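Per-entry structural report
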Amino acid sequence: MSFSTLGLSEPLLKAVADQQYGKPYPIQQQAIPVILSGRDVLGIAKTGSGKTASFVLPILELFHRTQAAKTRYATVLVLVPTRELAAQVAGVFQEFGNALPERVKTVAVFGGVAINPQMVAVHGADIVVATPGRLLDLLRANALRLSGIEILVLDEADKMLELGFAEEMDAIFDLLPRKRQTILFSATLGDAVQTIINQNLLHEPVRVEVEEEPENLDLITQTAYRVSADRKGPLLRYIIKSQNMKQVLVFVSSVRTADNLVVKLNKNGIRAGAIHSKKTQGGRTDALADFKAGRLNVLVATDLIARGIDIQFLPWVINFELPRSPKDYVHRIGRTGRAEAAGQAISLIIPDEEHHFYIIQKKMKKRVTMLESDEIDLQGA
Ligand code: AMP
């Protein structure tokens, strides 16, 4: 199957080719025709599946067909859990939107930065990509209205609910026109997502789903080291140096550990930065940009960015500490081995974590080779 059979018109097909997209990914094959038909969609897909383009392309196609730029108010609202995802999704809309002959104005709005420039920016926007809290702030300030919304997308709905946005989302739903198309994407169909589905948010949705996890995990070589707590830091540095890692994402479970680790790594001549919720928006954007551009070799992250952020060809992920949930473990290591490129995930396991690591392996139905680290000489690491 090719993109040209999905009902997209020439400008978008050209843009897809320009982006070097080959064949449509399974989620795109399923979702694009359904969205074009105007039906609601319940999509079960995670980052890396190509889900962003699976709603961006048909939405732009519908926009193109109806020449929607006639209304005064935004016609598309995309709600996302994090600032980073807002910027990323808006970027995809802009990239493809530029290919259309009509002018499409997409604006990303999110908290953590000054509201005033966003109040100006949303004026005349056709597509608004927003985190729920900031959107409400803008609505309260009368900077935009939702009465013209024809399409609502909830991207990573499970993550939004996990982050405690349920109330804000409800407040937003109340302000939306009842007659609209609703598209909900979630990595999982947990209870929280089920609850909002049960609120009749979606009208007879078509369910689209990709069974993609096992395939993805097969692309990832997983190993783990048994290590004592006091040797963890040196072992991390040893692994980074001995493998000559140029781009590695290191996951930790707290902001404090992230900051401490960065200090230690830098002291030892390893260029590292951190990205977590206590950083300013500017600090987060810079760290991610520096990491992507190779100015930082190590990015230390909390689970904040375990999902949603697209870093292409990330060769290494290290779990300095294990996440609580097996799902988060899979999301973390899923940052590597994407788009058919091989990746490696390494976990550093202290005795206290061994049982939990066993549970994680059981849940993901994969055994991970455990290596002993006692014999490794960590002097100088
Ligand atoms: P997403 O799951 O939306 O974050 O997309 C993951 C990555 O796959 C992004 O870097 C996209 O640019 C890329 N991508 C999406 N669709 C395709 C496709 N059909 N062919 C190749 N790459 C794609």
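Residues numbered from 1 in each chain as written. Predicted model: local features only at pLDDT ≥ 70, side-chain atom pairs only at ≥ 80, totals over all residues. Heavy atoms only, no water.

**Things to note about the domain arrangement of the protein chain**
According to the domain assignment, the protein chain consists of domain 1 (3-209) and domain 2 (220-372). For domain 1 versus domain 2, the separation of C-alpha centres amounts to 30 Å. (Domains from an automatic or database assignment.)

**What about the packing of helix H11 (residues 232-242) against helix H12 (residues 255-267)?**
Running from N to C, H11 and H12 cross one another at 55 degrees; their axes reach a closest spacing of 11 Å. Taken together, the axes of H11 and H12 are oblique relative to one another. Here the hand of the crossing between H11 and H12 comes out right-handed. Contacts between H11 and H12 involve Leu236, Arg237 and Ile240 from the former and Leu261, Lys264 and Leu265 from the latter. When its residues are assigned to classes, the contact of H11 with H12 shows four nonpolar, no polar and two charged. (Axes fitted to C-alpha atoms, helices over the stretch in contact; angles between N-to-C directions. Helix = DSSP H or I, 4+ residues; strand = E, 2+ residues; numbered from the N terminus. Parallel < 35°, antiparallel > 145°, perpendicular 65-115°, else oblique. Left-handed = near helix turned anticlockwise from the far one by under 90°. Contact = heavy atoms within 4.5 Å. Nonpolar A, V, L, I, M, F, W, Y, C, P; charged D, E, K, R; others polar.)

**Examining the environment of Arg332**
Mapping Arg332 onto the fold places it in helix H14 (residues 326-333). Classification of Arg332 by relative accessible area gives buried; the value is 0%. A sequence separation of 10 residues divides Arg332 from Leu322, and the C-alpha atoms of the two residues are 9.8 Å apart. (Buried < 20%, exposed > 50% of the residue type's maximum accessible area, 1.4 Å probe, protein only.)

**Concerning unusual backbone geometry**
Glycine aside, negative phi is the norm for most residues, and most peptide bonds take the trans geometry. Phi is positive for Asn142, which is not a glycine, with a value near 60 degrees. For Asn142, the position within the fold is in the loop between helix H6 (132-140) and strand E5 (151-154). Owing to a relative accessible area of 68%, Asn142 belongs among the exposed residues under this scheme. The phi angle at Glu156 is positive, at roughly 55 degrees, despite the residue not being glycine. The topology assignment puts Glu156 in the loop between E5 and helix H7 (157-162).

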